[in-house]
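This is what each chain is made of:
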Amino acid sequence: MKVYIVHGINLDQLGHRQPAIYGHQTLADQLTLWESWMANSWPASSVEAVQFNDEDALIRFLQAVDGEDAGVVINPGAWTHSSIPLRDAVAGLRAKVVEVHLSHTYAREAFRRVSLLAPFTKGTISGMGWLGYRFAMEALLVEAADIP
Ligand code: DQA
């Protein structure tokens, strides 16, 4: 399975954006770790990470990589709570999708408790920091490998 880790708006700023909430690590730091974890634990699979501040580009990316054998781990940032176009795009995908948030969105402002795309995902992991992405990838990979 190919796993796409897709980030939305403002998540290119991780590392220095509100570090008390989102930590000090960057997406690039994490990608290196994900790649070596994947190579060791799931050598037949691969991971690609992308980030978009342009909603149209993010939706086009999802549509381009979509397929039965694709897995998507998505953190749309603030678009989670506001984007009907992203919701509609995710609803139309054949790929399995897991939503991830670094912060515990249910423990923050009320508007962050609503995800417009959650009904079209397999599930959501929120508040586990960067580890949440590993959990999400593992969920997709274990299911695709049909491991009980
Ligand atoms: C976030 C939570 C969102 O509410 C926020 O707009 C973000 C980051 C998270 O990963 O915790 O940009 O998706």
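Residues numbered from 1 in each chain as written. Predicted model: local features only at pLDDT ≥ 70, side-chain atom pairs only at ≥ 80, totals over all residues. Heavy atoms only, no water.

**Student:** What is the right way to look at the sheet that holds strand S2 (residues 46–51) in this model?
**Tutor:** Remark on secondary structure: sheet strands pair via backbone hydrogen bonds, oriented parallel or antiparallel. The parallel open sheet is built from five strands, whose spatial order is S2-S1-S3-S4-S5. The open sheet has two edge strands, S2 and strand S5 (123–126), and neither has a second partner. Put simply, the sheet's adjacent strands are angled 20 degrees from each other on average, direction ignored. Taken together, the seven bridges between strand S1 (residues 2–9) and strand S3 (residues 70–77) define a ladder with parallel strand orientation. Looking across to S3, one finds that Lys2 is bridged to Ala70. (Pairing = 2+ DSSP bridges. Helix = DSSP H or I, 4+ residues; strand = E, 2+ residues; numbered from the N terminus. Axes fitted to C-alpha atoms, helices over the stretch in contact; angles between N-to-C directions.)

**Student:** I would appreciate a short explanation of the packing of helix H2 (residues 27–41) against helix H6 (residues 131–144) in the present structure.
**Tutor:** Each pair of packed helices can be described by the angle between their axes along with the distance between the axes. Two elements in contact, H2 and H6, have axes whose closest approach is 12 Å; the angle formed by their N-to-C orientations is 30 degrees. Seen along the crossing, H2 lies across H6 with a hand that is right-handed. Side by side, H2 and H6 meet where Trp34, Trp37 and Met38 of the first sit next to Tyr133, Arg134, Met137, Glu138 and Leu141 of the second. Across the contact of H2 with H6, the residue classes tally to six nonpolar, no polar and two charged. (Left-handed = near helix turned anticlockwise from the far one by under 90°. Contact = heavy atoms within 4.5 Å. Nonpolar A, V, L, I, M, F, W, Y, C, P; charged D, E, K, R; others polar.)

**Student:** Is there a simple way to think about empty space enclosed by the protein in this case?
**Tutor:** Taking a probe equal in size to a water molecule and rolling it over the atoms shows the remaining empty space. Taken as a whole and judged by the stated rule, the model has one cavity of 30 Å³ or more. Taken as a whole, the largest cavity spans an internal volume of roughly 30 Å³. If you go around the largest cavity, the residues you meet are Thr80, His81, Glu99, His101, Thr105, Tyr106, Arg112, Arg113, Val114, Ser115 and Thr124. At the level of secondary structure, the elements contributing two or more residues to the lining of the largest cavity comprise helix H4 (79–82) and strand S4 (96–101). (1 Å grid on protein atoms, 1.4 Å probe; cavity = no way out; pocket = protein on both sides within 12 Å on 5 of 7 lines; lining within 4 Å. Points joined across faces, edges and corners; volume = space filled by probe spheres on them.)

**Student:** Could you clarify how one ought to interpret unusual backbone geometry in this entry?
**Tutor:** Working note: non-glycine residues mostly have negative phi, and peptide bonds are mostly trans. Positive phi outside glycine occurs at Asn10, with the angle close to 75 degrees. Among the secondary structure elements, Asn10 is positioned in the loop between S1 and helix H1 (19–22). For Gln18, which is not glycine, the phi torsion reads 35 degrees and is therefore positive. Here Gln18 shows up in the loop between S1 and H1. In this structure Gln18 comes out as partly exposed when scored by relative accessible area, which is 43%. (Buried < 20%, exposed > 50% of the residue type's maximum accessible area, 1.4 Å probe, protein only.)

**Student:** I keep staring at the layout of surface pockets and nothing clicks. Help me out?
**Tutor:** Roughly 160 Å³ of volume is contained in the largest pocket. Considering the residues around the largest pocket, the lining is formed by 15 residues, among which Arg17, Tyr22, Gly77, Ala78 and Arg112 are closest to the centre. Tallied by class, residues from the lining of the largest pocket come to five nonpolar, seven polar and three charged.

The quantities given are spatial measurements derived from coordinates; they are silent on function.
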